There are 2 protein chains.
Amino acid sequence: MTDTPTATDGDLDVFALASRLSDGHVADNVEILNQLAPQDAAAVLVLLPVDTSVEILDKPELNFGPEIVEALPRRTATVLLAGMSADMAADIVQQLEEPVRNELMQGLDAATRTTIEGLLAYPENTAGAMMTTEFVSVPATWTVERTLQHIRQVERTRETVYAIYVLDAFTRRLVGAVSLRRLVAGAPLARISDLARSPITTSPLTDREDVARLITRHDLLAVPVVDKAGHVLGIVTVDDIIDAIIEENTEDAQKFGGMAATDEPYLQVGLPGMIRKRGGWLCVLFLGEMLTASAMQHFEGELEKAIVLTLFIPLIMSSGGNSGSQATSLLIRALALREVRLGDWWRVALRELPTGLILGAILGAIGVVRVVVWQKLGIFDYGEHWVLVAVTVAAALIGVVTFGSVAGSMLPFILQRAGFDPASASAPFVATLVDVTGLMIYFSVALLILSGTLL
Amino acid sequence: MTDTPTATDGDLDVFALASRLSDGHVADNVEILNQLAPQDAAAVLVLLPVDTSVEILDKPELNFGPEIVEALPRRTATVLLAGMSADMAADIVQQLEEPVRNELMQGLDAATRTTIEGLLAYPENTAGAMMTTEFVSVPATWTVERTLQHIRQVERTRETVYAIYVLDAFTRRLVGAVSLRRLVAGAPLARISDLARSPITTSPLTDREDVARLITRHDLLAVPVVDKAGHVLGIVTVDDIIDAIIEENTEDAQKFGGMAATDEPYLQVGLPGMIRKRGGWLCVLFLGEMLTASAMQHFEGELEKAIVLTLFIPLIMSSGGNSGSQATSLLIRALALREVRLGDWWRVALRELPTGLILGAILGAIGVVRVVVWQKLGIFDYGEHWVLVAVTVAAALIGVVTFGSVAGSMLPFILQRAGFDPASASAPFVATLVDVTGLMIYFSVALLILSGTLL
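As a starting point, this report considers the structure included with it. Treat the numbers as computed from the prediction; the structure is a model and nothing was measured.

Some details on the pairing of strand E3 (residues 174–179) of chain A
As a general feature of sheets, a regular strand has side chains that alternate between the two faces.
Residue and element names in this part refer to chain A.
Right, so step 1: Strand direction decides the pairing type here: strand E2 (residues 163–167) and E3, joined by five bridges, are antiparallel. When the bridges of E3 are listed, Tyr-165 appears paired with Ala-177.
Right, so step 2: Linking two consecutive strands that pair antiparallel, namely E2 and E3, is a turn of six residues; a positive phi of about 60 degrees is found at Arg-172 within it.

Points about the interface of chain B and chain A
Right, so step 1: At the junction of the two partners, chain B supplies 94 residues and chain A supplies 94 residues.
Right, so step 2: The element that contributes the greatest number of residues to the side of chain B that touches chain A is helix H19 (residues 313–336) of chain B, accounting for 18 residues.
Right, so step 3: Tallied by class, the residues present in the side of chain B that touches chain A amount to 53 nonpolar, 24 polar and 17 charged.

Considerations on the environment of Thr-355 of chain B
Right, so step 1: When you line up the elements, Thr-355 of chain B lands in helix H20 (residues 345–376).
Right, so step 2: Its 24 C-beta neighbours within 10 Å are what place Thr-355 of chain B among the buried residues.
Right, so step 3: For the pair Thr-355 of chain B and Ser-323 of chain B, spaced 32 residues apart in sequence, the C-alpha separation works out to 10.0 Å.
Right, so step 4: Leaving out residues up to four positions away in the same chain, Thr-355 of chain B has contacts with Leu-271, Met-274 and Ile-275 of chain A together with Ser-405 of chain B.

Some points on helix H11 (residues 144–154) of chain A
Right, so step 1: Buried residues of H11 of chain A: Val-144, Thr-147, Leu-148 and Ile-151 of chain A, and no others. Angularly, the buried residues of H11 of chain A cover 100 degrees about the axis, an arc narrow enough to put them on a single face. Exposed residues pointing more than 90 degrees away from the buried face of H11 of chain A are listed as Gln-149 and Gln-153 of chain A.
Right, so step 2: In this structure, the buried side of H11 of chain A is in contact with strand E1 (136–139), E2, helix H12 (180–185) and helix H13 (192–195) of chain A together with helix H12 (180–185) of chain B.

A word on the sheet that holds E1 of chain A
All names here are of chain A.
Right, so step 1: In space, the three strands of this open sheet follow the order E1-E2-E3, with mixed pairing throughout. Two strands lie at the open edges of the sheet, namely E1 and E3, each paired on one side alone. On average, each strand axis in the sheet is inclined to that of its neighbour by 30 degrees, with strand direction left out of account.

As for unusual backbone geometry
All names here are of chain A.
Right, so step 1: That bond from Glu-98 to Pro-99 is cis: its omega, 5 degrees, falls within 30 degrees of zero.
Right, so step 2: Relative to the helices and strands, Pro-99 resides in the loop between helix H7 (86–95) and helix H8 (100–107).
Right, so step 3: Even without a glycine there, the phi angle at Arg-338 is positive, about 60 degrees.

A look at the relation of the copies chain B and chain A
Mapping between the two copies of the chain is achieved by a rotation about an axis and a shift along the axis.
Right, so step 1: Note on the copies: chain B fits chain A at an RMSD of 0.1 Å, the axial shift is 0.0 Å, and the rotation between them is 180 degrees. Interpreted geometrically, this transformation is the action of a two-fold axis.
Right, so step 2: Counting the interface residues of chain B, we find that 100% of their copies in chain A are interface residues as well, pointing to one common contact surface.

Reading the values: the criteria
- Residues numbered from 1 in each chain as written.
- Chains lettered and ligands numbered in written order.
- Predicted model: local features only at pLDDT ≥ 70, side-chain atom pairs only at ≥ 80, totals over all residues.
- Pairing = 2+ DSSP bridges.
- Helix = DSSP H or I, 4+ residues; strand = E, 2+ residues; numbered from the N terminus.
- Contact = placed C-beta atoms within 7 Å.
- Nonpolar A, V, L, I, M, F, W, Y, C, P; charged D, E, K, R; others polar.
- Buried ≥ 20, exposed ≤ 12 C-beta atoms within 10 Å, placed from the backbone.
- Arc of directions from axis to C-beta.
- Axes fitted to C-alpha atoms, helices over the stretch in contact; angles between N-to-C directions.
- Least-squares fit on C-alpha atoms with pLDDT ≥ 70 in both.

Encoded structure:
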């Protein structure tokens, strides 16, 4: 069971815990520290070997990194930050409040400080903000043997050594990449530049979603981030990308559910935060849905004459919303995975139109069966014009489900075209859109079919 | 623009295309072949060097692998299958129809055939079905130098050499794992068993989601799959896991949208397939939503007396559905990421209760403002009891939104407890559940408040 860490029990034996952690797997250690109040976690970290503490702070799964660093003695904090991978250290520094942030930055050695400041300059969720500067690069003139020697020396201070970047000996521009497996398999005296392949690179301002796509597409373990002149600024590694994909998917799922994305685990979002994240969209949707009340007020006369029509309002509206939600979720994913491009919108519309018509006809048939059975079995009396009522319901269902499918599938395209994330299209948003229109379709169909009889 | 490949233009110059592909990046080659009809893709593959063709067939992004293999001359097909990584070859063989499947299996060498048959025996989406058998293992008695020599020899035939598995020299049970980076940094004459760490392993029947969690949690490049006796059956690599995570997320997103998950890209699902995937759930939801009609039939007398109440039905129902959809999407992700466990359900319920009450009160306040403003400005007349109508709407909103939040958050727990995937809880399903109950809440509140006046 997860516990929200507030103040931990005063009797906590930090020494016993520290000795337990120094033997544990880092992922387990992170889970244990996530259960503690940040001050207690800091008290444990102080007692651990520096390597173990650094390894723990380097894990993105650690929930209260900044709070823990803040609770550490300043001297320990700077030692740990300097030992951490630069991207994770920058992440933590970014979340610290002043004056702690400034005090810690001043305590760091000049090289680490400059690196962290450089990383902090890039916007969130870009390759620049995600990258680490601890990678291996060697001049193109080196041999395989010399490169392996170099790797042996620097191995402990690099996040990954599985990709080695080959730089022009004079301009220090990136000219190739060699995987460690090719290097190990290579002849010791071969020139590194002969083993290198032309590198797949990204720029520091590339969105993390695009970096993820690049790494997945080419099955890379890391991708170098290069500036316009071709100098390597850092690398983004595959484990950072998995974390980014999972975070991105969580955000998309929450947005599709109709709320602002939360950055924190569910149990750690406070009540005011939860209300903010959910209340905003809920109010917007509520205001939109108010149009249904307006539409119904407009048709009040018809409603009074034919109360039987109101019985089917929720049924018809929700069917439109459901088919819209299906189409939207399909197209959000198809666009995200690049299975479908913006220019394919008409192809999609031409597929959704028959799909919607057929689905609507199926539901319409079920609706007719319901009215006929209820009428014939005497469960409910839909009035003397019950046949026309059944026809109205069926026709409205075909119209509403078709509209739902087409509108739901086009919404992600419209959002992308307008420069928004297609994943901002949520199920409740589509449902609201289709509800209002669905009501208009239903009443129009009713007027057409029942005019002169019931209306 | 993506093109659905049917029959390609007869003038296709396969020779020109083959020469272009032999210089290209494999990911680009896959994209090009995805545009061709399978027979044409096969015609191109025949002309490519075996290595290049194998590399292409090994990519999970290739859409028509089985169709292409089927269109190849049998001899070429067996050569390519034998060259492929065993997990991908098994994937393709599994999708082949008889008699082709049998013919190809008979054409394979005995070792490859046995390996593929072994992989095919594991259920879909398990570690066993995903794993590859091409990994590096060495006896614990070997030195670093000898291990590196071995890697140099087998490097080309192994999917990854970044994790080396150390086996007991006699029992051949797994006793440790060494990363290539530690091996490279190690002293040449050190015993490999001195460098090895205790391995993190999984079993062949473990679900791919759990394997993904293990690899993410420990930042692994591969995880060994071991049987009960401790023998390594194969390994699951990080790139297979990324593909699995993306596929899993697509399935979850589609299920949350209220449909059965599709295995194929959007534009490649035919109309009948699309109707099947979407029609089933749409019909189930429609039947569930029919209860709203029954509920309204039950309250027909009240509706006739107070037609003004019908005006707010869509507004109130959709607010409940929206808050339910938010809560469900939040909890599906929280459960999937293990932020929340099954036993935490009461913690969640205790958070959703106040959240729902506050959100409902906010919407209720907006609803009251709407009625008051419309009434006072003379836009619409809600009748002499308009104040009571406003109170009814507000009270119903509080009740419905609270019910939506609590029910929506509990649904994923109930599904998981009952042994289903919590991600089967869809936005339309929650909306339907909340619609029916929401209507009952609304009418009950109306009876309570308006009895004696309007009702």
